[in-house]
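Observations on the three-dimensional arrangement
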Amino acid sequence: MPTETNPGNQTTTGADAIDEAIAQGIDFDGSPIPTAKLELYGKVMALEGNRQRSGVSNTMRSRIVRIGAKHIPQAELDQLLVDAGFAPLKEKEIAFFYSGK
């Protein structure tokens, strides 16, 4: 599968593209990411790294909903969740992810 790249040959697709760009401190357009933004991101990610997790299945469902809502219509995502054995979309998730669509 081909991947998109920017002029600096940096991959801009895939799950790790953002993390790689952050680690390099370079945005996809080739411009440097300001130090203040990198420092704040690092601080918040360190806090998240220390947070107690609620379970793998809960995290998987959360990621599926958060990312799936960008790509999959509400009714279809809801059915996919149920078919896979996850809880269906909650009203607050529908309001948050689908209210503007």
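Residue numbers restart at each chain and count upward from 1, following the sequence in its written direction. Where local features are concerned, this predicted model is filtered to residues with pLDDT of at least 70; where side-chain atom pairs are given and counted, the filter is 80 or more; whole-chain, interface and lining totals use all residues. Derived side-chain values reflect all non-hydrogen atoms in the structure, with water molecules and hydrogen atoms excluded from consideration.

**Some thoughts on the overall build of the protein**
Only DSSP runs of H or I reaching four residues or more are called helices, and only runs of E reaching two or more are called strands; each is numbered from the N terminus. Scanning the protein for helices and strands turns up five helices and zero strands. Mapped in sequence order, the helices and strands of the protein form the string α-α-α-α-α. Out of the 101 residues belonging to the protein, those deemed buried represent 15%. Two residues form a contact once any of their heavy atoms are found within 4.5 Å. A separation threshold of at least 6 residues defines the contact pool for the protein, and within that pool the share at least 24 residues apart is 27%. Buried residues are those whose accessible area, probed at 1.4 Å on protein chains only, stays under 20% of the maximum for their type, while exposed residues exceed 50% and partly exposed ones sit between those limits.

**A closer look at the layout of surface pockets**
Lining residues are defined by having an atom within 4 Å of a point belonging to a cavity or pocket. Those points lie on a 1 Å grid over the protein atoms alone, cavities being sets where a 1.4 Å probe fits but cannot get out and pockets being open sets with protein on both sides within 12 Å along at least five of seven lines. Grid points are joined across faces, edges and corners, and a volume is the space filled by probe spheres set on the points. In this structure, the largest pocket occupies an estimated 180 Å³ of space. When residues of the lining of the largest pocket are assigned to their parent elements, the largest contribution, four residues, is made by helix α3 (residues 56–71). The residue inventory of the lining of the largest pocket, partitioned by class, reads no nonpolar, two polar and five charged. Each residue gets one of three labels, nonpolar for Ala, Val, Leu, Ile, Met, Phe, Trp, Tyr, Cys and Pro, charged for Asp, Glu, Lys and Arg, and polar for the others, Gly among them.

**Let's talk about the packing of α3 against helix α5 (residues 91–98)**
The description of two helices packed together rests on the angle between their axes and the distance between the axes. Angular values range over 0 to 180 degrees, each being the angle between N-to-C directions of two axes fitted as lines to C-alpha atoms, with helices fitted over their stretch in contact. Packing of α3 against α5 leaves a shortest axis separation of 10 Å and a crossing angle of 35 degrees. For α3 against α5, the interelement crossing comes out right-handed. Residue-level contacts link Arg-61, Val-65, Arg-66, Gly-68 and Ala-69 of α3 to Glu-93, Phe-97 and Tyr-98 of α5. Tallied by class, residues from the contact of α3 with α5 come to four nonpolar, one polar and three charged. The hand of a helix crossing depends on one turn: near helix anticlockwise from the far one by less than a right angle means left-handed, and clockwise means right-handed.

**Here's the deal with the nonpolar core**
Among soluble globular proteins, nonpolar side chains are generally buried collectively. One finds Val-65, Ala-69, Leu-77, Leu-81, Phe-86, Leu-89 and Tyr-98 forming the largest nonpolar core, which totals seven residues. Mapped by element, the contributors of at least two residues to this core are α3 and α4 (74–83). Beyond its immediate chain neighbours, meaning those up to four positions away, Leu-81 contacts Arg-61, Ile-64, Val-65, Phe-86, Ala-87, Pro-88 and Leu-89. Side-chain atoms within 4.5 Å link the members of a nonpolar core, which is a set of buried Ala, Val, Leu, Ile, Met, Phe, Trp, Tyr and Cys residues.

**Quick look at the pattern of salt bridges**
Any Lys or Arg side-chain nitrogen located within 4 Å of an Asp or Glu carboxyl oxygen qualifies as a salt bridge. If you walk through the whole model with that rule in mind, you get three salt bridges. Here Glu-48 and Arg-51 are joined by a salt bridge, their closest N and O atoms 2.8 Å apart. By relative accessible area, Glu-48 is classed as partly exposed at 32%. A relative accessible area of 44% places Arg-51 in the partly exposed class. We note a salt bridge from Arg-53 to Glu-48, for which the minimum N-O separation is 3.0 Å. Its relative accessible area of 42% is what places Arg-53 among the partly exposed residues. The network of salt bridges with shared partners includes Glu-48, Arg-51 and Arg-53.

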